[in-house]
Every structure is written in structure tokens, then in C-alpha cells.
Amino acid sequence: MKNIIMTGDRPTGKLHIGHYVGSLRQRLELQNEGNYDEFIVMIADAQALTDNADNPQKIRDNIMEVMLDYLAIGLDPNKVTFCIQSLLPALPELTAYYMNLVTLQRLLRNPTVKSEIKEKGFDSESAGTPVGFANYPISQAADITAFKANLVPAGVDQEPMIEQTREIVRCFNRIYKKDILTECKTVLPKNESCYRLVGTDGNAKMSKSLGNCIYLSDEPEVIKKKVNSMATAPRDINDPGIIEGNVVFIYLEAFATDEYFTKYYPEYKNLDELKQAYLKGGIGDGTIKKFLNNIIQDELEPIRERRKELSKQIPEIINILKEGTNKAIELSNKTLEEVKAAMAIDYFKDDSFLNDQIKKYNN
Ligand code: ATP
Ligand code: MG
């Protein structure tokens, strides 16, 4: 079987360390292993418009921000196809056909969409939920199946979308009796603490929309300020520390390798040792924040510097995006053709429709 990797992000802002640990690091690993036939990364502008319809300029501006982040972390245009969602005409067409395979009740049971509706205030009577927003899991199924992807590296909030996609694939293949669409699975981060990185404010998710992010492009001073502002429970330094729900430790789980202990905190060999000592008391939160700041600075410095260099090559990057989009248009059109043939709505592809009608009407 072919390995086809497909994933993407909404151009609603620059990418942050939640994206990095939740999905980008995994993409890099898959890219570097090289065990795939296609690797598509989509900038999901049409999806971003489902809850930003009144602000198209924001989406337009963030396409390049996201592209710079991709290239700065090391995604390689020779190995990955980058494309812009709204330029692929097959996607809304596939979405329209898939909408007939999902009930409204099933669509609205999606836990991620439910919590996003609350978070965005769409549940208030005066606002309401845009139909396009509620429908985005189906449009995401179109994105994934258009490339027949089997692997989707993404954060854990995407699991309900992947489940919805699998259901659509099974339903399509059952009704139209063709094995055209492929079932996919999520590739989650290896480290469970990265499934859904909390925000710097302790909110359950670091998210562009919540303003609680450390961006990949943040300057050193900004990073330091954000790390220092993380809320930890006030206590006397000699009192036992609390790790459960401690934002700093959640980030350490995601980033603190043993090498970072050797470099910045040689009193301890690894995170387990530090945790044991912290629980006993005697280690102040300022100390662990300083350690975390050192780590994040080390992680982000090369990304930030590469990003600055890349921002001098905008025409080349636009070209990468254009070429990738053209390739993605071709690939997705091919799947759409197969889908339409399976659904028997490819009327003028050859003479079979004509011949059937001639036979039926005997002329
Ligand atoms: P928005 O607020 O516009 O929805 P976002 O920050 O949630 O933006 P998305 O573009 O929706 O980002 O998500 C892109 C990818 O990053 C998805 O695979 C998602 O699971 C992952 N991701 C986003 N935030 C986090 C996080 N805090 N921890 C782990 N993964 C995340
Ligand atoms: Mg999101």
C-alpha cells in the first residue's frame, strides 16, 4: 500500500510551540524518515474563513506567516507539497457529495466542534454558528480523502475529524461499492504531554484564538516574559512543590530532554529526578522557569534566525506555493473524477450515457 501523508493548518496566525510539539515535530520526523509516496501540507484558508468570514485580510496575510514557519522549522519543498486549500476546486465539490453521507445530528456530536462553538461564543442566541463552521469536519474529510491520505500527523483535537473522515470513507465505499477512498489514521506525538499543549495562561489549549501562545518567531525577550508570567501556585520555597497541573512542568514534559539537564541543570540527570526534588520542597518556581526559558530559547533560536533569512526570499516562496498548489489541483481532480464515476454522475466522460439513453428510447 502507498503511504500518503496529509495535514495542514489554518492561516489564522503565526504557528506556536503547541503546533510544534503537537504536529510539526511529527511531520519533520516523517519527512526525514522518507517512507512515503506523497506528503501534502495544506494551508486551510477556506476552513479559516468559516469563523473569520468578516476578516479575509487576516487570512490572506497569515498564509505567508504560516509558510515561513513551515520552512523555518525545516519542512523541505523538495520533499513536501505545499498548497492553498481554496484554490483546489475538487474540495468543495467532494464536500458537497460527502454532506449527503452524514446526518446533521452526527455532525453536531463532534466534541471538538462543540467546544469550539462554546469558545467562540457561537452558542449565544445573538451570534449563532455559521453553517460553514459546523460543516468543517466534512470539508476536512474532503481535504484528506482528495489525496487518499492514510496518515494525518495532527494534535489530539483532530481525532474527532479523523473519525468523521473514516466514517465517510466507509459509507462511500459501502454505498458506491468501490474501494476508491482510503481510511486514514492520526499520527499523534510520541510524548503524550504534547497531545494538547496547554496555554501559557494554563488554559487547556495553546491556541492562536486564545492569545496564550509562545510563537515560533517570538524574540528572546518576549519568550522570557511569557515564561516568567506563567501562573504557578504561590508557596514558601521550602514547602513541597505541586506538579499536578503546574504549567511549567507541563512544558518541561514536552521539551526537557536529558541533554538539556546536562547543559543547564546538571544537578539533576533528568525530569524524573527534578520532579522528585521539587516535590520535596526547596526548589523555587523562578528556578524552574529559568530552566524552561533556557530550553525554549535554544529550541526557537535557529527557527527564528532561519525565518528571518527566509523572509528575504518571498518570491521564491510564493513560487513553491504556486507549484505545490498546481500539483495538488491535479491530484485532487483525479480523485474527484473517480468519485464521480463511482457515483455514476460522469455523464459526458464517454459515450456510455448516450448509448444507455439510445437503448432505453430505442432510437
Ligand atoms: P485556531 O485557534 O485558529 O483554531 P489553532 O492554534 O487551534 O488555531 P490549528 O490551525 O487549528 O491551530 O491547528 C493546526 C494543528 O496544530 C492541528 O493538527 C492541531 O491539532 C495542532 N495543534 C493546535 N494547537 C495545539 C496545541 N495546543 N497542542 C498540540 N497540538 C495543537
Ligand atoms: Mg484549531
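Keep in mind the model is a prediction, meaning the values are calculated, not measured.

Definitions and cut-offs
- Residues numbered from 1 in each chain as written.
- Chains lettered and ligands numbered in written order.
- Predicted model: local features only at pLDDT ≥ 70, side-chain atom pairs only at ≥ 80, totals over all residues.
- Heavy atoms only, no water.
- Near = heavy atom within 4 Å.
- Polar contact = N/O pair within 3.5 Å; in protein donor to acceptor, adjacent residues only side chain to side chain.
- Areas by Shrake-Rupley, 256 points an atom, 1.4 Å probe, with all protein chains shown as cover.
- 1 Å grid on protein atoms, 1.4 Å probe; cavity = no way out; pocket = protein on both sides within 12 Å on 5 of 7 lines; lining within 4 Å.
- Sits in = over half its atoms within 2 Å of the grid points.
- Helix = DSSP H or I, 4+ residues; strand = E, 2+ residues; numbered from the N terminus.
- Nonpolar A, V, L, I, M, F, W, Y, C, P; charged D, E, K, R; others polar.
- Axes fitted to C-alpha atoms, helices over the stretch in contact; angles between N-to-C directions.
- Parallel < 35°, antiparallel > 145°, perpendicular 65-115°, else oblique.
- Left-handed = near helix turned anticlockwise from the far one by under 90°.
- Contact = heavy atoms within 4.5 Å.

J.: Before we go on, may I ask you to explain the site of ligand 1 in this structure?
T.: Lining the immediate surroundings of ligand 1 are 20 residues, of which Thr 12, Asp 157, Leu 197, Lys 205 and Ser 209 lie closest. Arg 10 is positioned such that a nitrogen or oxygen atom in its backbone is 3.0 Å from an oxygen atom of ligand 1. Interatomic distance of 2.8 Å between a backbone N/O atom of Leu 197 and a nitrogen atom of ligand 1. Relative to its unbound accessible area of 600 Å², ligand 1 is 96% covered by the protein chains. For ligand 1, the cavity whose grid points lie within 2 Å of the majority of its atoms is the largest pocket. Top element by residues in the shell around ligand 1 is helix H1 (residues 17-33). It accounts for three residues. A class-by-class count of the residues in the shell around ligand 1 yields five nonpolar, nine polar and six charged.

J.: Help me understand the packing of helix H4 (residues 90-98) against helix H8 (residues 136-145) in this model?
T.: In helix packing, the relevant descriptors are the interaxial angle and the interaxial distance, both defined with respect to the helix axes. Remark: H4 packs on H8, axes separated minimally by 8 Å, with the N-to-C direction vectors making an angle of 120 degrees. Between H4 and H8, the interaxial angle falls into the category oblique. Crossing handedness for the pair H4 and H8: right-handed. Where H4 approaches H8, its residues Leu 91, Leu 94, Thr 95 and Tyr 98 are matched on the opposing element by Ile 138, Ser 139, Ala 141, Ala 142, Asp 143 and Thr 145. The class makeup of the residues in the contact of H4 with H8 is six nonpolar, three polar and one charged.

Purely spatial values, then, with no claim about function.
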